[in-house]
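So you can see what is in the structure, the chains are spelled out below.
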Amino acid sequence: MKNRKKSLAEFFADRWALFFLVAEIVFFAIVSRGFLTPRGIQIIFFFGTSVFLLSVGETFVIITGGIDLSVGFVMGFASIVAAKLIVVFTESGMAPAAAILVGMVLTFIISLLPGLINGSLVAFLKVPPFIATFSMIGISHGVSELLIEGVPAKNLPHLANVIGNGHLFYYARGKGMSIFSRPELERGEHVLELLPNIVIITFILIAVFSFILKRTRYGQHTYAIGGNVDAALRSGINVKRHLVTVYMVSSFFAGAAGVIYMLQYVTGKADAGAALLLDGIAAVVIGGASLYGGKGTIWRTILGALIIATLETGLRIRGVPTFDKYILVGVILIGAVLVDQIIPERVEEE
Amino acid sequence: MKKIPVLVLVLLFAASLGLPLFAGGAQEAVGEEEELTFAFVPGIADPFYFTMERGIRQKADELGVNLIVSEYPKSWGPEAQVPILEATAARGGIDLIMIAPTSVDALIAPLKKLHEQGIEIITVDTFLGDGDYSKDTEYSFPLAYIGTDNHLGGVRVAEHLAEMLGEKGKLYINTTNPDVSSVSARVAGFKEGITNFPNMEVIGVDYNLDVQQKAMEQTLSALQKNPDIVGVFGTNVFSAQGVYQAVVNAGLTGAVKIASWDATETLINALKEGQVDLVLAQKPAEIGSMAVDWGYKFFTENADVPNKVIPGFEFFTKENVNDPDMQKFIYKK
Amino acid sequence: MSAEAKNKKPFQVSHQLALLGVLVGLILLFGIIEPAFFIPRVFFDIFAIAGEIGIMALAMTYVITTGGVDLAVGYNLQMSAIVFGITFVNTGNVVLSIIFALIVATLGGMFNGFIVAKTKIPPLVTTLGTMYLFRGISMIIAGTATYSGFPDGFKQFSTFKFFNAIPIQLVYFVVLFFIMDYFYRKGSLGRNLKGMGFNENAVRFSGVKVDRIKFWIYTLLGLLCGFAAMVYLGRLSAAKTSMGDFMNFQVITAVLLGGTSIMGGVGSVRGTFIATLIIGVLHKGFSLLNFSGNIYNFTIGLILIFSLILYTLTEERRKVKTRSRRDQLESQTAATGDSGSGTG
């Protein structure tokens, strides 16, 4: 940490997202009955997984000064690919567990493809990132629709549903703790469900990539490219290749979000992530990353994603139509960019 | 600096671990109250469910049941509905959930979990699995399915339309989504009904995915390609409205008979103006009030709820649309 | 700059000829596969979409030429349509409803223009935010309600057909095209637009009020979104909150396919005109062949990527040719620091 004096204003500007989140939690705790309960908090994480994943992938791209608008539809594409593959494998006689595992791994690999195309367009053909990824929206949406022909991909093995809606630990009075499997209980008996599987998968992925961004050369190069391309070039970084991989990271995360959607809803749908198209980007920007590149961390992005997820859950538990969310997110997004403009001298320690 | 967000995360996780012990007790306390609390989770924001909500409200007031109406999902699909369902359930103290599942399988797990917590489920309008809750399946837990017999409705629409067209000619269907149980049954019923008329044939089915613009463009193209289409069936509000706009835009008003489903004010006005020729009205208010009624009987009288409750439907035609007795079947906001 | 313009003309002309070739080819192709395509009433349906996408694309050409972009167009149209619907349902006054709708759309455009001109927030981010905002506003006003029952007189606004075949949309589109094309090619406005896209500081230093131009072109785009909303409403006859989905996509594709550079500085309203017709043909053709939206979106995406690649390749070649001239210009205005953003 550098010992630099910071004015009070800077102090707040730096942490406004955090204060905002706390204020949000306090507000909803007061107005929405059932918000500040384990269920309420679990709902924030459980249904926030897609936003967490999309925004973490997006963080990499935004740090390099780019943007990826295609993540929402790549997510839908991945949910369909995963569902189709698993159904095919199951029908060919594979055990459900193996089919799901192989299907997921293959989907992860396939979901690198949109990123490869995006990245190549940006790095080698010098197409501006937003328009390159913008056209990928149409392509991935179109391919998904062609794959399913209007009918959502269905008939997944029951196990997928069990994984997607299951928890790691269950605790029931008198029965003790059990892992993965829900204890056999009388109806209405209280069982404590801890750590949903999909939240665990999500945070393992995020932790791994957080480590990569923060502690490895790969991460350093990512920041370097965003900070100053010329300097990065001069220091011998293969900028083009690196950019391609960054877009692949982003679409990998979109793929992960699609796989998790498939587990959660046992369905593959082309528009699975359509509503999340901008939430991911908003989370990164609210988290304090600069759209000019060079700045941003995963933990701050998570903070931004939490703001959005909390907002949505709070409004829902209150029973308020979440249409309002669109406006609020739009306003917060512009506010975040303005803060970024007003205090450009903020220095990240990373 | 970055430690603070981490701290918040850890605290939130800790809260999600620790608090259940207190919350569990609190929930039970609410459940012990004498008053019943029912929740209604609609499928999408449209006049059909608004009308159903009215029926539910009326009955709930009458019986003194507390009612929670969740947010209306803005699109049709589990990713829109399940978070709303869970958020509504998180308020606690709910005895019965009346829900129109937006997917026959994606809703099984979340609803089953709520069922195991002791909440009763009634599915209205749409159902889980194949809708037969009497067999022993993973989706047999709801108390009942209350909704229109869509297949029968489709058959009746076909019969009425055939009668209007003199039992001959080509027909076209514009529908929403192959995934939705209620709408698929209408299409199947309609096709089956038409097989009884040897001189009639269904030449195509298009899926508009609940987008009115798409319904309009698809129908317009179908009419242009097959100028000998004499009748169209639009299977829900959006489809029917799109179909009738296409017929108007193609300048074929009157030459093509339109049968449609759901008595929204728009469609009823179109019927009055002669743009649409036949409207099947479901009875959403009755579905809603039956759901509350059976739920109430289940809790208070321990009544044996039938697995399937099927209210009837009505047909609006140009002849009876101004009939005072029929006005109550029009959907209103 | 004028030498610059002469230098790229051959590319532009050949590009437009190629587009025309594609247009004719597509028409023939669809006509052969589905003969119904050539029935006049059916064929002229390709202009229905030009009344919506095309009108916005003409103004979008101006915006993209300056190096900007507006992602919010579709939802500005939607917001305006909803305002029309709700005003009409509540007052029954068509004229008042149209005025309100146009005002709202213009204000939406002004809001974009103001932020883009007065702050340094990139147009992409600004309009990404307002895209949310406009969509949110229309959803709050309308919920998921559908407003309909508009009078026949209003519907004539876009369903009227000359000689029972040529849709009125074509007239709007052609008239607007001539106006927009005139100002784009003649006079100082077009020159300044291209200059701004090419090197904004250079234009600014030469005394042009860059911010004011930016403000007004976004405002113009907003107004035309409102106009397109009215045209669209007449055809669809119902205002609802799914109207604006995927519209920005088609509008931007029309502009880029027409040969306007996404990096600004180079463009052509004529190209946009032909490209809009190509999109119209695809839209109607796919719909006739029952491909619905699936392949359409995919194709639009492909066309977008294709035109990007095509453009960057020709751009590279052109840049090499004109580099020396450009260096001269830049040394005059001493805006060397900005060359990075100029080339993207």
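The structure presented is a predicted model; accordingly, all values stated were derived computationally and were not measured.

Enquirer: How should the overall build of chain B be read in this particular structure?
Expert: Counting its regular elements, chain B contains 11 helices and 12 strands. Looking at chain B residue by residue over its 333 residues, the buried ones come to 62%. A sequence separation of at least 24 residues applies to 72% of the contacts in chain B between residues at least 6 apart. In the form shown here, chain B has an accessible surface area of approximately 12000 Å², with 51% of it arising from carbon and sulfur atoms.

Enquirer: Which parts of the structure should I look at to understand the overall build of chain A?
Expert: Regarding its fold elements, chain A presents 14 helices and 3 strands. The C-alpha radius of gyration of chain A comes to 21 Å, within 12% of the 20 Å expected for a compact globule of 350 residues. Its C-alpha atoms put chain A at 60 × 50 × 35 Å along the principal axes. A buried classification covers 62% of the 350 residues belonging to chain A. In chain A, the proportion of contacts linking residues at least 24 apart, taken out of those at least 6 apart, comes to 77%. Surface accessibility of chain A: about 13200 Å² in total, with carbon and sulfur atoms responsible for 66%. Charge separation in chain A, taken as the distance between the mean sites of 27 positive and 22 negative side-chain charges, equals 5 Å.

Enquirer: Sorry, what's going on with the interface of chain C and chain B here?
Expert: One frequent convention defines the size of an interface as the accessible area lost when the parts assemble. With 30 residues of chain C at the contact, the number on the chain B side is 24 residues. Summed over both sides, the interface between chain C and chain B buries roughly 2100 Å², with carbon and sulfur atoms accounting for 44% of that surface. Where chain C touches chain B, the interface holds 1 salt bridge. Its salt-bridge partner being Glu217 of chain B, residue Arg235 of chain C comes within 3.5 Å of it at the nearest N-O pair. At the junction of chain C with chain B, the criterion picks out 9 residue pairs in polar contact (both at pLDDT 80 or more). Broken down by secondary-structure element, the contributors of at least two residues to the side of chain C that touches chain B are helix H2 (40-43), helix H7 (152-159), helix H10 (210-236), helix H12 (269-288) and helix H13 (292-333) of chain C.

Enquirer: Would you mind showing me how to read the pattern of salt bridges here?
Expert: For side chains bearing opposite charge, pairing can occur when the charged atoms are close. Residues and elements named next belong to chain C. Enumeration according to the criterion identifies 23 salt bridges over all chains in this entry. Arg270 is the salt-bridge partner of Asp181, the closest N and O atoms lying 3.3 Å from each other. Of the two residues, Asp181 sits in helix H8 (residues 168-185) while Arg270 sits in helix H12, which places them 89 residues apart along the sequence. Look at Asp181 and you get buried, because its relative accessible area is 5%. In this structure, the salt-bridge partner of Glu200 is Lys214, at a minimum N-O distance of 3.2 Å. In this pair, Glu200 sits in helix H9 (residues 187-205) while Lys214 sits in helix H10, placing the two residues 14 residues apart along the sequence. For the pair Glu200 and Lys214, a shared accessibility class is recorded, and that class is buried. A network of salt bridges, in which partner residues are shared, links Glu200, Arg204, Asp211 and Lys214.

Enquirer: What exactly am I supposed to notice about a nonpolar patch on the surface here?
Expert: Residue and element names in this part refer to chain C. On the surface, Phe160, Phe162, Phe163, Val171, Val175, Ile179, Tyr182 and Phe183 cluster together to form a nonpolar patch covering roughly 780 Å² of accessible area. No other element matches H8, which puts 5 residues into the nonpolar patch. Of the residues examined, Phe163 reaches a relative accessible area of 76% and is grouped as exposed.

Enquirer: Is there a simple way to explain the packing of H8 of chain C against H12 of chain C in this structure?
Expert: How two helices sit against one another is set out by the angle between their axes and by the gap between those axes. Residue and element names in this part refer to chain C. Remark: H8 packs on H12, axes separated minimally by 9 Å, with the N-to-C direction vectors making an angle of 155 degrees. Classified by the interaxial angle, the pair formed by H8 and H12 is roughly antiparallel. Seen from H8, the contacting residues are Phe173, Val174, Phe177, Met180, Asp181, Tyr184 and Arg185; seen from H12, they are Val269, Arg270, Phe273, Thr276 and Leu277. The residue makeup of the contact of H8 with H12, split by class, is 8 nonpolar, 1 polar and 3 charged.

Enquirer: For this particular structure, what's the right way to read empty space enclosed by the protein?
Expert: If you roll a probe as big as a water molecule over the atoms, it shows you where there is empty space left. On inspection of all chains with the given rule, the structure shows 16 cavities of 30 Å³ or more. Reported here for the second largest cavity is a volume of approximately 190 Å³. The class makeup of the residues in the lining of the second largest cavity is 8 nonpolar, 5 polar and 5 charged.

Enquirer: I tried to follow the pairing of strand E2 (residues 66-69) of chain B on my own but got confused; where do I start?
Expert: All names here are of chain B. Two strands pair when backbone bridges link them, and strand E1 (residues 37-41) and E2 are joined in this way by 4 bridges, in the parallel orientation. The partner of Phe38 across the bridge, within E2, is Leu67. The β-α-β motif built from E1, the intervening helix H3 (residues 47-63) and the parallel element E2 has right-handed crossover chirality.

Enquirer: Can you walk me through the sheet that holds strand E1 (residues 167-172) of chain A in this structure?
Expert: Residues and elements named next belong to chain A. Taken in spatial order, the 3 strands of this open sheet run E2-E1-E3, and their pairing is antiparallel. One side of each edge strand has no neighbouring strand; the edge strands of this open sheet are strand E2 (176-179) and strand E3 (191-196). The sheet shows a mean angle of 20 degrees between the axes of neighbouring strands, direction not considered. Taken together, the 4 bridges between E1 and E2 define a ladder with antiparallel strand orientation. Opposite Tyr170, over in E2, you have Ser178 as the bridge partner.

Enquirer: Whenever I open this one, the nonpolar core confuses me. Can you help?
Expert: Side chains that are nonpolar tend, in soluble globular proteins, to be buried together. With 306 residues, the main nonpolar core has Ile97 and Phe316 of chain B as its most contacted residues. Here this core gets 17 residues from one element, more than from any other, and that element is helix H11 (residues 239-265) of chain A. Discounting residues that sit within four places of it in the chain, Ile97 of chain B has contacts with Ala39, Val41, Leu85, Leu114, Ile119, Glu120, Ile121 and Ile122 of chain B. Ranked by size, the runner-up nonpolar core spans 19 residues in total, among them Val157, Leu161, Ile173 and Val187 of chain B.

Enquirer: Sorry if this is basic, but what is going on with the packing of aromatic side chains here?
Expert: Aromatic ring pairs: the centre-centre distance and the angle between the two ring planes describe each pair. Per the counting criterion, the structure on display carries 47 aromatic pairs over all chains. Each ring, one from Phe298 of chain B and one from Phe299 of chain B, has its centre 5.3 Å from the other, and the planes form 80 degrees; the classification is edge-to-face. In textbook terms, an aromatic cluster arises when at least three aromatic residues are bridged by ring pairs, as seen for Phe30, Phe37, Phe38, Phe43, Phe44, Phe47 and Phe286 of chain C. Sitting over the face of the ring of Phe46 of chain A, Lys113 of chain B holds its NZ or CZ atom 5.9 Å from the ring centroid. For Lys297 of chain B, the ring lying beneath its charged end belongs to Trp294 of chain B, and the centroid distance is 4.5 Å.

Enquirer: Hey, could you run me through the pairing of strand E7 (residues 200-207) of chain B in this one?
Expert: As a general feature of sheets, a regular strand has side chains that alternate between the two faces. Residues and elements named next belong to chain B. As paired strands, strand E6 (residues 169-175) and E7 are joined by 7 bridges and run parallel to one another. Directly across from Tyr172, in E7, lies its bridge partner Gly204. Handedness of the crossover joining E6 and E7 through helix H7 (residues 181-194): right-handed.

Calculation notes
- Residues numbered from 1 in each chain as written.
- Chains lettered and ligands numbered in written order.
- Predicted model: local features only at pLDDT ≥ 70, side-chain atom pairs only at ≥ 80, totals over all residues.
- Heavy atoms only, no water.
- Helix = DSSP H or I, 4+ residues; strand = E, 2+ residues; numbered from the N terminus.
- Buried < 20%, exposed > 50% of the residue type's maximum accessible area, 1.4 Å probe, protein only.
- Contact = heavy atoms within 4.5 Å.
- Areas by Shrake-Rupley, 256 points an atom, 1.4 Å probe, with all protein chains shown as cover.
- Rg over C-alpha atoms; globule rule 2.2 N^0.38 Å.
- Lys, Arg positive; Asp, Glu negative; His and termini not counted.
- Charge placed at Lys NZ, Arg CZ, Asp CG, Glu CD.
- Buried area = accessible area lost by both parts, 1.4 Å probe.
- Salt bridge = Lys/Arg side-chain N within 4 Å of Asp/Glu carboxyl O.
- Polar contact = N/O pair within 3.5 Å; in protein donor to acceptor, adjacent residues only side chain to side chain.
- Patch = residues over 30% accessible without salt bridge, like charges linked within 9 Å, V, L, I, M, F, W, Y side chains within 5 Å.
- Axes fitted to C-alpha atoms, helices over the stretch in contact; angles between N-to-C directions.
- Parallel < 35°, antiparallel > 145°, perpendicular 65-115°, else oblique.
- Nonpolar A, V, L, I, M, F, W, Y, C, P; charged D, E, K, R; others polar.
- 1 Å grid on protein atoms, 1.4 Å probe; cavity = no way out; pocket = protein on both sides within 12 Å on 5 of 7 lines; lining within 4 Å.
- Points joined across faces, edges and corners; volume = space filled by probe spheres on them.
- Pairing = 2+ DSSP bridges.
- Right-handed = clockwise from strand over helix to strand, strands pointing away.
- Core = buried A, V, L, I, M, F, W, Y, C linked by side-chain atoms within 4.5 Å.
- Phe/Tyr/Trp six-rings, centres within 6.5 Å; stacked < 30°, edge-to-face > 60°.
- Lys NZ or Arg CZ within 6 Å of the ring centre and 35° of its normal.

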